[in-house]
Amino acid sequence: MDKQSCNIVQDLLPLYIDEACSEESREVVEAHLKECEACREAFEQMKENLKFPAEHADAKRGLEKIRKVLRKKYVILALVVAAVTGGCMAGSWILQTIEEPIAYEDLKMSVVRDKKDPTLYNLTFNGESYAGLYSEAITLKEDKNCIYEAEIVHCNRSFWTQLFERKPLKNAVMWSFSENPDTTVGYVADEKGNKKVVKTVAAYYQATPGSPRYLLWEADWYKKAHGKSGGIV
Ligand SMILES: [Zn+2]
């Protein structure tokens, strides 16, 4: 075999191994390999060398595959964790947010005189836990200097308090009313800038609008001066 055709064949060998050469080149290479010992050796050698990268690529593809599967698993895990966390948060939000009024009979609230300050009366709870205490001030009477108000209060329970705060409240003081006639809770000013002080003189419990109002407390001095709470019940 002449050196020149050997060179040409060996140049073609990588393409031949990759099965990337033309039909004619393939025939030439195969015919030459049958005849030429040196080129056969070069061919075997080259095939060995090329096999490794191929195997390496396989291994790499395998790793890539595992990584992809792992990544997918982590993504699913993260989604599951997010869904569970979100579900719990939404659940607890719903449990705490959805409230319903508590009937006066269920609350066991009373107004008791404060032990330290005899002019204070404390709105005290002994019944079930409540989720919220709400109040609305209404005007009972108004004169030149003063607005006399009553607080209409009500409490709500939530699924949360019913499920997780089942221990009943014991003498829980939530509000204090002052019996002192000089105690004011604020003031309002009219268009002319005249100020009127605001005094809380009574408190009622009313679970829902339209339901009966229960008198919780009334300032003695107001009752004496104006009669029974301006007659709201
Ligand atoms: Zn040759």
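What counts as what
- Residues numbered from 1 in each chain as written.
- Predicted model: local features only at pLDDT ≥ 70, side-chain atom pairs only at ≥ 80, totals over all residues.
- UniProt positions renumbered as here; feature names shortened; annotations may be inferred.
- Helix = DSSP H or I, 4+ residues; strand = E, 2+ residues; numbered from the N terminus.
- Rg over C-alpha atoms; globule rule 2.2 N^0.38 Å.
- Buried ≥ 20, exposed ≤ 12 C-beta atoms within 10 Å, placed from the backbone.
- Contact = placed C-beta atoms within 7 Å.
- Expected span 1.5 Å × (residues − 1).
- Bend = angle between axes of the 7 residues up to and from the residue.
- Axes fitted to C-alpha atoms, helices over the stretch in contact; angles between N-to-C directions.
- Parallel < 35°, antiparallel > 145°, perpendicular 65-115°, else oblique.
- Left-handed = near helix turned anticlockwise from the far one by under 90°.
- Domains from an automatic or database assignment.
- Pairing = 2+ DSSP bridges.

Looking at an unreviewed UniProt entry, one finds the protein named Anti-sigma-W factor RsiW, with Zhenpiania hominis as its source organism. Regarding the protein, the relevant UniProt record gives this comment under Sequence similarities (unreviewed entry): "Belongs to the zinc-associated anti-sigma factor (ZAS) superfamily. Anti-sigma-W factor family."

Attention now goes to the overall build of the protein. Each helix and strand counted, the protein has six helices and nine strands in total. Taking 233 residues into account, the globule formula puts the C-alpha radius of gyration at 17 Å, and the protein, at 45 Å, lies well above it. Dimensions of the protein along its principal axes, counting C-alpha atoms only, are 135 × 50 × 35 Å. Counting only residues that meet the buried cut, the protein has 18% of its 233 residues in that class. The contacts of the protein with a sequence gap of at least 6 include a subset with a gap of at least 24, amounting to 60%.

Those places that UniProt annotates as "transmembrane region" (unreviewed entry) correspond, in this numbering, to residues 74-95. As a span, residues 74-95 carries 100% helix and 0% strand, and end to end its C-alpha atoms are 31 Å apart.

This part covers helix H1 (residues 3-17). Helix length check: H1, at 15 residues, gives a terminal C-alpha distance of 21 Å against a target of 21 Å (1.5 Å per residue), a fit within 8%. The sharpest bend along H1 measures roughly 30° and falls at aspartate 11, with the proline proline 14 sitting one to four residues further on. Positioned one or two residues after H1, glutamate 19 has a phi angle of 55°, which is positive.

A word on the packing of H1 against helix H2 (residues 23-35). For the pair H1 and H2, interaxial distance at closest approach is 10 Å and the crossing angle is 120°. The angle between H1 and H2 places the two elements in the oblique class. In terms of crossing hand, the pair formed by H1 and H2 is left-handed. Across the interface between the two elements, Ser5, Val9, Leu12, Leu13 and Tyr16 from H1 touch Ser25, Arg26, Val29 and His32 from H2.

Per the domain assignment, the segments of the protein are domain 1 (3-70) and domain 2 (104-231). Each of domain 1 and domain 2 has a C-alpha centre, and these two points are 95 Å apart.

Two strands in a sheet stick together by hydrogen bonds in their backbones, pointing the same way (parallel) or opposite ways (antiparallel). Spatially, S2-S3-S6 is the arrangement adopted by the three strands of the open sheet, whose pairing is antiparallel. On the outer flanks of this sheet lie strand S2 (109-113) and strand S6 (172-178), each paired with one strand and no other. Strand after strand, the sheet turns through a mean of 30° between neighbouring axes, direction not considered.

Moving on: unusual backbone geometry. Although it is not a glycine, glutamate 19 adopts a positive phi angle of roughly 55°. With phi around 50°, asparagine 171 is a residue other than glycine that occupies positive phi space. Summarising the element assignment, asparagine 171 is placed in the loop between helix H5 (159-164) and S6. Residue classification places asparagine 171 among the exposed positions, given that 10 C-beta atoms sit within 10 Å.

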